[in-house]
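Architecture at a glance
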Amino acid sequence: RRKRLLLSLRETTGTMNRRELAQLLESKDAPADAFIEAARAELRAGDRDRALRWMIRGFKAYPADGNLSYWMNQVLSMYGRGEAPMDELLRAQISGGRYWTCVAQQLSSDGRFEDALKVLEKVPLDADAGWALYIAGHVNRQLRRNDEAIRCYERSLQLMPDYAPCVVALAR
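Now for a look at the structure at hand. Since the model is a prediction, treat every value here as computed from it, not as a measurement.

1. Quick word on unusual backbone geometry
For Arg144, which is not glycine, the phi dihedral falls at a positive 65°. Examined against the element boundaries, Arg144 turns out to sit in the loop between helix 9 (130-142) and helix 10 (146-159). Taking relative accessible area as the criterion, Arg144 reaches 71% and is therefore assigned exposed.

Quick look at the structure:
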(Lines give C-alpha, C1' and ligand atoms only; values in the text may rest on other atoms or scores of the structure.)
Protein backbone atom coordinates (compact mmCIF):
# COMPACT_ATOMS: atom_id res chain seq x y z
CA ARG A 1 0.00 0.00 0.00
CA ARG A 2 2.80 2.41 0.89
CA LYS A 3 4.69 1.65 -2.29
CA ARG A 4 1.54 2.43 -4.30
CA LEU A 5 1.19 5.70 -2.36
CA LEU A 6 4.77 6.63 -3.16
CA LEU A 7 4.34 5.81 -6.83
CA SER A 8 1.05 7.70 -7.12
CA LEU A 9 2.51 10.78 -5.42
CA ARG A 10 5.53 10.65 -7.66
CA GLU A 11 3.37 10.29 -10.77
CA THR A 12 1.15 13.24 -9.92
CA THR A 13 3.77 15.64 -8.57
CA GLY A 14 7.01 14.32 -10.01
CA THR A 15 8.41 14.29 -6.49
CA MET A 16 7.28 14.30 -2.88
CA ASN A 17 7.63 17.04 -0.30
CA ARG A 18 9.32 16.48 3.05
CA ARG A 19 6.05 16.20 4.99
CA GLU A 20 4.72 13.50 2.68
CA LEU A 21 7.99 11.61 2.90
CA ALA A 22 8.09 11.86 6.68
CA GLN A 23 4.61 10.33 6.86
CA LEU A 24 5.60 7.51 4.56
CA LEU A 25 8.86 6.82 6.37
CA GLU A 26 7.24 6.61 9.81
CA SER A 27 6.20 3.04 9.15
CA LYS A 28 8.49 0.03 9.33
CA ASP A 29 7.40 -1.13 5.89
CA ALA A 30 8.35 2.03 4.00
CA PRO A 31 9.58 1.07 0.51
CA ALA A 32 13.21 1.50 -0.47
CA ASP A 33 12.21 4.18 -2.99
CA ALA A 34 10.93 6.33 -0.12
CA PHE A 35 14.42 6.50 1.39
CA ILE A 36 15.82 7.46 -2.00
CA GLU A 37 13.19 10.20 -2.41
CA ALA A 38 13.96 11.49 1.09
CA ALA A 39 17.69 11.64 0.28
CA ARG A 40 17.00 13.39 -3.03
CA ALA A 41 14.78 15.95 -1.26
CA GLU A 42 17.56 16.65 1.24
CA LEU A 43 20.10 17.03 -1.56
CA ARG A 44 17.79 19.51 -3.31
CA ALA A 45 17.61 21.40 -0.01
CA GLY A 46 21.43 21.34 0.18
CA ASP A 47 21.67 19.05 3.22
CA ARG A 48 23.98 16.21 2.23
CA ASP A 49 24.36 15.00 5.85
CA ARG A 50 20.60 14.41 6.22
CA ALA A 51 20.57 12.79 2.79
CA LEU A 52 23.30 10.42 3.96
CA ARG A 53 21.36 9.54 7.11
CA TRP A 54 18.31 8.64 4.98
CA MET A 55 20.49 6.40 2.84
CA ILE A 56 21.90 4.64 5.90
CA ARG A 57 18.36 4.06 7.20
CA GLY A 58 17.37 2.73 3.79
CA PHE A 59 20.27 0.27 3.78
CA LYS A 60 19.32 -0.93 7.26
CA ALA A 61 15.86 -1.77 5.95
CA TYR A 62 16.92 -3.01 2.48
CA PRO A 63 20.59 -4.09 2.56
CA ALA A 64 20.51 -5.72 -0.91
CA ASP A 65 18.71 -2.98 -2.87
CA GLY A 66 20.67 -1.98 -5.98
CA ASN A 67 18.96 1.41 -6.33
CA LEU A 68 20.07 2.32 -2.82
CA SER A 69 23.66 1.52 -3.84
CA TYR A 70 23.44 3.89 -6.80
CA TRP A 71 21.97 6.72 -4.74
CA MET A 72 24.37 6.13 -1.84
CA ASN A 73 27.22 6.70 -4.29
CA GLN A 74 25.45 9.83 -5.56
CA VAL A 75 25.12 11.19 -2.02
CA LEU A 76 28.73 10.33 -1.15
CA SER A 77 29.93 12.04 -4.32
CA MET A 78 28.55 15.32 -2.90
CA TYR A 79 31.35 15.28 -0.33
CA GLY A 80 34.82 16.51 -1.19
CA ARG A 81 37.93 14.49 -0.49
CA GLY A 82 38.07 13.74 3.24
CA GLU A 83 34.75 15.48 4.02
CA ALA A 84 32.43 12.46 4.30
CA PRO A 85 31.53 11.55 7.90
CA MET A 86 33.38 8.25 7.79
CA ASP A 87 32.96 7.56 11.52
CA GLU A 88 29.18 7.61 11.09
CA LEU A 89 29.40 5.41 8.00
CA LEU A 90 31.67 2.88 9.70
CA ARG A 91 29.48 2.68 12.83
CA ALA A 92 26.40 1.59 10.87
CA GLN A 93 25.19 -1.88 11.76
CA ILE A 94 24.38 -3.06 8.24
CA SER A 95 24.88 -6.60 7.04
CA GLY A 96 24.60 -6.05 3.29
CA GLY A 97 27.68 -6.03 1.12
CA ARG A 98 26.37 -3.27 -1.15
CA TYR A 99 26.53 -0.71 1.66
CA TRP A 100 30.09 -1.65 2.59
CA THR A 101 31.16 -1.54 -1.03
CA CYS A 102 29.89 2.06 -1.24
CA VAL A 103 31.77 2.94 1.94
CA ALA A 104 34.95 1.28 0.65
CA GLN A 105 34.65 3.18 -2.61
CA GLN A 106 34.43 6.46 -0.67
CA LEU A 107 37.46 5.51 1.44
CA SER A 108 39.35 4.73 -1.74
CA SER A 109 38.36 8.10 -3.21
CA ASP A 110 39.71 9.71 -0.05
CA GLY A 111 43.03 7.89 -0.51
CA ARG A 112 42.43 5.68 2.54
CA PHE A 113 43.29 2.45 0.76
CA GLU A 114 44.16 0.29 3.79
CA ASP A 115 40.88 1.29 5.44
CA ALA A 116 39.02 0.48 2.23
CA LEU A 117 40.47 -3.04 2.23
CA LYS A 118 39.41 -3.54 5.86
CA VAL A 119 35.86 -2.47 5.00
CA LEU A 120 35.79 -4.77 1.97
CA GLU A 121 36.43 -7.70 4.30
CA LYS A 122 32.82 -7.18 5.50
CA VAL A 123 31.46 -7.89 2.03
CA PRO A 124 30.27 -11.47 1.62
CA LEU A 125 31.64 -13.15 -1.49
CA ASP A 126 28.33 -13.94 -3.12
CA ALA A 127 26.75 -13.10 -6.46
CA ASP A 128 26.71 -9.37 -5.57
CA ALA A 129 30.44 -9.27 -4.78
CA GLY A 130 31.60 -8.40 -8.30
CA TRP A 131 31.66 -4.66 -7.67
CA ALA A 132 33.40 -5.13 -4.30
CA LEU A 133 36.07 -7.26 -5.96
CA TYR A 134 36.55 -4.60 -8.63
CA ILE A 135 37.02 -1.95 -5.91
CA ALA A 136 39.42 -4.30 -4.09
CA GLY A 137 41.40 -4.67 -7.32
CA HIS A 138 41.59 -0.89 -7.71
CA VAL A 139 42.68 -0.43 -4.08
CA ASN A 140 45.34 -3.14 -4.34
CA ARG A 141 46.63 -1.59 -7.56
CA GLN A 142 46.91 1.79 -5.79
CA LEU A 143 48.89 0.06 -3.04
CA ARG A 144 51.10 -1.53 -5.73
CA ARG A 145 49.98 -5.03 -4.79
CA ASN A 146 49.65 -6.00 -8.41
CA ASP A 147 49.31 -9.78 -7.97
CA GLU A 148 46.42 -9.33 -5.54
CA ALA A 149 44.85 -6.68 -7.80
CA ILE A 150 44.93 -9.11 -10.72
CA ARG A 151 43.32 -11.84 -8.58
CA CYS A 152 40.55 -9.44 -7.53
CA TYR A 153 39.90 -8.27 -11.08
CA GLU A 154 39.79 -11.85 -12.36
CA ARG A 155 37.32 -12.88 -9.65
CA SER A 156 35.24 -9.79 -10.39
CA LEU A 157 35.09 -10.71 -14.06
CA GLN A 158 33.87 -14.19 -13.15
CA LEU A 159 30.84 -12.52 -11.54
CA MET A 160 30.49 -9.63 -14.01
CA PRO A 161 31.98 -10.88 -17.29
CA ASP A 162 30.80 -7.90 -19.34
CA TYR A 163 32.05 -5.15 -17.01
CA ALA A 164 34.33 -3.19 -19.35
CA PRO A 165 36.14 -1.06 -16.71
CA CYS A 166 37.29 -4.26 -15.03
CA VAL A 167 38.57 -5.66 -18.33
CA VAL A 168 40.50 -2.42 -18.92
CA ALA A 169 41.91 -2.41 -15.38
CA LEU A 170 43.05 -6.01 -15.75
CA ALA A 171 44.74 -5.18 -19.06
CA ARG A 172 46.80 -2.48 -17.37
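2. What to know about helix 9
Over its 13 residues, helix 9 extends 19 Å from the first C-alpha to the last, a length consistent with the 18 Å expected when each residue adds 1.5 Å. Within the sequence span of helix 9, burial applies to Gly130, Ala132, Leu133, Tyr134, Ile135, Ala136, Gly137, Val139 and Asn140. Where helix 9 is buried, its residues touch helix 7 (97-109), helix 8 (113-120), helix 10 and helix 11 (164-171). Following helix 9 by one or two positions, Arg144 adopts a phi angle in the positive range, close to 65°.

3. Here we look at the pattern of salt bridges
Within the structure shown, the criterion is met by six salt bridges. One salt bridge in this structure joins Arg50 and Glu42, with 3.2 Å as the shortest N-O distance. Given a relative accessible area of 38%, Arg50 falls into the partly exposed group. Relative accessible area serves as the criterion here: at 2%, Glu42 is assigned to the buried category. Note that Glu83 is salt-bridged to Arg48, the shortest N-O span being 3.2 Å. With Glu83 in the loop between helix 5 (66-76) and helix 6 (86-91) and Arg48 in helix 4 (residues 48-61), this residue pair connects regions lying 35 residues apart in the sequence. With a relative accessible area of 42%, Glu83 lands in the partly exposed category.

Definitions and limits used
- Residues numbered from 1 in each chain as written.
- Predicted model: local features only at pLDDT ≥ 70, side-chain atom pairs only at ≥ 80, totals over all residues.
- Heavy atoms only, no water.
- Helix = DSSP H or I, 4+ residues; strand = E, 2+ residues; numbered from the N terminus.
- Buried < 20%, exposed > 50% of the residue type's maximum accessible area, 1.4 Å probe, protein only.
- Expected span 1.5 Å × (residues − 1).
- Contact = heavy atoms within 4.5 Å.
- Salt bridge = Lys/Arg side-chain N within 4 Å of Asp/Glu carboxyl O.

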